Amino acid sequence: MSSARPLFVLNRACEMREVSDACRKAGKKLGFVPTMGALHRGHVSLLEESVRRAEVTVASIFVNPTQFGPGEDFDRYERDYEGDIKKLKGCGVDYLFYPDISDIYPDGFGTTVSVGNLGDCLCGPFRPGHFNGVATVVLKLFNIVRPDFAVFGRKDYQQLKIIQKMVRDFNMDIEIVEMPIVREPDGLAMSSRNAYLSADQRTKAAEVNKALSEVAKKFRSGCDDCKILLAEADMVLRMAQINDIDYTEIRDPETLELRQRAVKGDLVALAVRLGNTRLIDNRVL
Ligand code: PAF
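Only a predicted model underlies this, so the values are computations on that prediction, with no experimental measurement involved.

(A) How the structure looks around the overall build of the chain. Counting secondary structure elements, the chain contains eight helices and nine strands. Expected size for 285 residues packed as a compact globule is a radius of gyration near 19 Å; at 19 Å, the chain falls within 12% of this value. Expressed along its principal axes, the backbone C-alpha trace of the chain runs to roughly 55 × 40 × 35 Å. Out of the 285 residues in the chain, the part that is buried amounts to 56%. Looking at the chain alone, contacts between residues at least 24 apart form 72% of all its contacts between residues at least 6 apart.

(B) Looking closely at the nonpolar core. Of all hydrophobic cores here, the largest spans 47 residues; its most connected members are Phe97, Phe142 and Ile176. No other element matches the ten residues that helix α5 (residues 130–145) contributes to this core. Counting 27 residues, the second-largest nonpolar core is a separate cluster that includes Cys226, Ala233, Ile245 and Ala262.

(C) Region of the structure containing the packing of aromatic side chains. Tallied over the full model, the rule gives nine aromatic pairs. Ring plane angle 75 degrees and centroid distance 5.8 Å describe the contact between Phe68 and Tyr77, whose orientation is recorded as edge-to-face. By relative accessible area, which is 11% here, Phe68 ends up buried. On the numbers, 6.4 Å between centres and 75 degrees between planes, the contact of Phe142 with Phe152 is edge-to-face. In this pair, Phe142 is assigned in helix α5 and Phe152 in strand β5 (residues 149–153), connecting sequence segments ten residues apart. The burial state of Phe142 is the same as that of Phe152; both residues are buried. Three or more aromatic residues link up through ring pairs in this structure, and these residues are Phe32, Phe142 and Phe152. The side chain of Arg79 reaches across the aromatic face of Phe74, ending 5.2 Å from its centre.

(D) The arrangement of helix α8 (residues 226–239) in detail. Over its 14 residues, α8 runs 20 Å from end to end, which matches the ideal 20 Å to within 8%, given 1.5 Å per residue. Those residues of α8 that are buried lie in contact with α7 (199–220), β7 (245–251) and β8 (267–274). Looking one or two residues beyond α8, the residue adopting positive phi is Gln241, at roughly 60 degrees.

(E) Looking closely at the site of the ligand. Surrounding the ligand, one finds Pro34, Thr35, Met36, Asn64, Gln67, Val137, Val138, Phe152, Asp156 and Gln159. Between the ligand and the protein, one listed contact pairs an oxygen atom with a side-chain N or O atom of Gln67 at 2.6 Å. In the environment of the ligand, an oxygen atom lies 2.7 Å from a nitrogen or oxygen atom belonging to the side chain of Gln159. Within the complex, the protein chains bury 90% of what would otherwise be the 290 Å² of accessible surface of the ligand. Its residues placed into classes, the shell around the ligand shows five nonpolar, four polar and one charged.

(F) Looking closely at the sheet that holds strand β2 (residues 30–35). One open sheet holds the six strands; their spatial order is β1-β4-β3-β2-β5-β6, and the pairing between them is parallel. Edge positions in the sheet fall to β1 (8–10) and β6 (175–179), since each has one partner strand and no second. In this sheet, neighbouring strand axes are inclined to one another by 25 degrees on average, regardless of whether the strands run parallel or antiparallel. As defined by bridge partners, β1 adjoins strand β4 (residues 95–97) across three bridges and the pair is classed as parallel. Among the inter-strand pairings, Val9 is bridged to a residue of β4, identified as Leu96.

(G) A nonpolar patch on the surface, seen in detail. A contiguous nonpolar surface patch, about 220 Å² in accessible area, is contributed by Val9, Tyr81 and Tyr98. Its place among the elements puts Tyr81 in helix α3 (residues 81–91).

Reading the values: rules and limits
- Residues numbered from 1 in each chain as written.
- Predicted model: local features only at pLDDT ≥ 70, side-chain atom pairs only at ≥ 80, totals over all residues.
- Heavy atoms only, no water.
- Helix = DSSP H or I, 4+ residues; strand = E, 2+ residues; numbered from the N terminus.
- Rg over C-alpha atoms; globule rule 2.2 N^0.38 Å.
- Buried < 20%, exposed > 50% of the residue type's maximum accessible area, 1.4 Å probe, protein only.
- Contact = heavy atoms within 4.5 Å.
- Core = buried A, V, L, I, M, F, W, Y, C linked by side-chain atoms within 4.5 Å.
- Phe/Tyr/Trp six-rings, centres within 6.5 Å; stacked < 30°, edge-to-face > 60°.
- Lys NZ or Arg CZ within 6 Å of the ring centre and 35° of its normal.
- Expected span 1.5 Å × (residues − 1).
- Near = heavy atom within 4 Å.
- Polar contact = N/O pair within 3.5 Å; in protein donor to acceptor, adjacent residues only side chain to side chain.
- Areas by Shrake-Rupley, 256 points an atom, 1.4 Å probe, with all protein chains shown as cover.
- Nonpolar A, V, L, I, M, F, W, Y, C, P; charged D, E, K, R; others polar.
- Pairing = 2+ DSSP bridges.
- Axes fitted to C-alpha atoms, helices over the stretch in contact; angles between N-to-C directions.
- Patch = residues over 30% accessible without salt bridge, like charges linked within 9 Å, V, L, I, M, F, W, Y side chains within 5 Å.
- Salt bridge = Lys/Arg side-chain N within 4 Å of Asp/Glu carboxyl O.

These figures come from the coordinates and say nothing about function on their own.
As C-alpha cells, then:
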C-alpha cells in the first residue's frame, strides 16, 4: 500500500471547487470518498476502488455535527489526522478536502434535506435527525466536489440507500458505487466506533456477525418466516449477553419495507449496544 502520488490538502470549499473545475475541463474522471476520518480497512477499500476507477480521487474528512444527536459521540468521535494522511497517501488519493466547520455550515446556514420514509425505519427512530444530517452534508459535499462518482460501503446500508434515493430524487448526475463490508478475521464489521470497545465488549462484538450468519443458515435450510429467522439472531446475541438490542429486522433491500416472509436478496439488519457503543451490521440473504 504505497504510492508515489502526492496528496494535496484543501481546506476551503472554493479551493476544492477550483480543483474540480480544472479536472472537468481536462476531461478527467473524478472519484469521491466522503468520510469522517479515523480511517480503517473498510475506508481503504473504498479509496482503492475510487483510485482504480478514476484519474483523480478526492477524499473528505469532516466529522459532521448535524448527524449526531444530543448525547451521541460527536465530541469523542475518533480523530486521527496523521494516521489518516498516511492511509490516504498509501492508497494514492490525490486530494483531501478537510474543511473547517464554518466552511460547511457558515453563519446563517438554514436549508436542510429531509430524507422521507427511508429514514423512518431501522436506525431512524433510534437516531432522530441523523439521516437528514447525513443527506444534507453529503449533498453539500457533492456540490463542492462535483465528482463523477462517489463510493460508499454497505456497512451503513440504510445510509447508502438514502443517498442513492437522494441522487435519483434530485436528478444528480453522480454514480453511487457500492462496496462490500470489510470484516475483522472474527467477522466483526470494520467501524471507527470499534475503537471504543473494551476487551470484553470486543469479544462479544464478534457475535453480532454470527447472529446474522445464523439467520442466513436457517433461511438456506428452507425457513422463510421472519419471526423464526430473527429468533436465531436473538438467541446468538442473548447467549453472548448482548441484551441491549435496538432492532433485528428483515426488510426489502431497496424499499426497506418490513418483511413477514423472507425472499432471497432480502436485507437482515441489526443494531445493538455494548455499553455506550452502538454497533450496526447487516447481510443480504
Ligand atoms: O459514513 C460516513 O462516514 C458519514 O455518514 C458521511 C457519509 C461521511 C457523511 O458525514
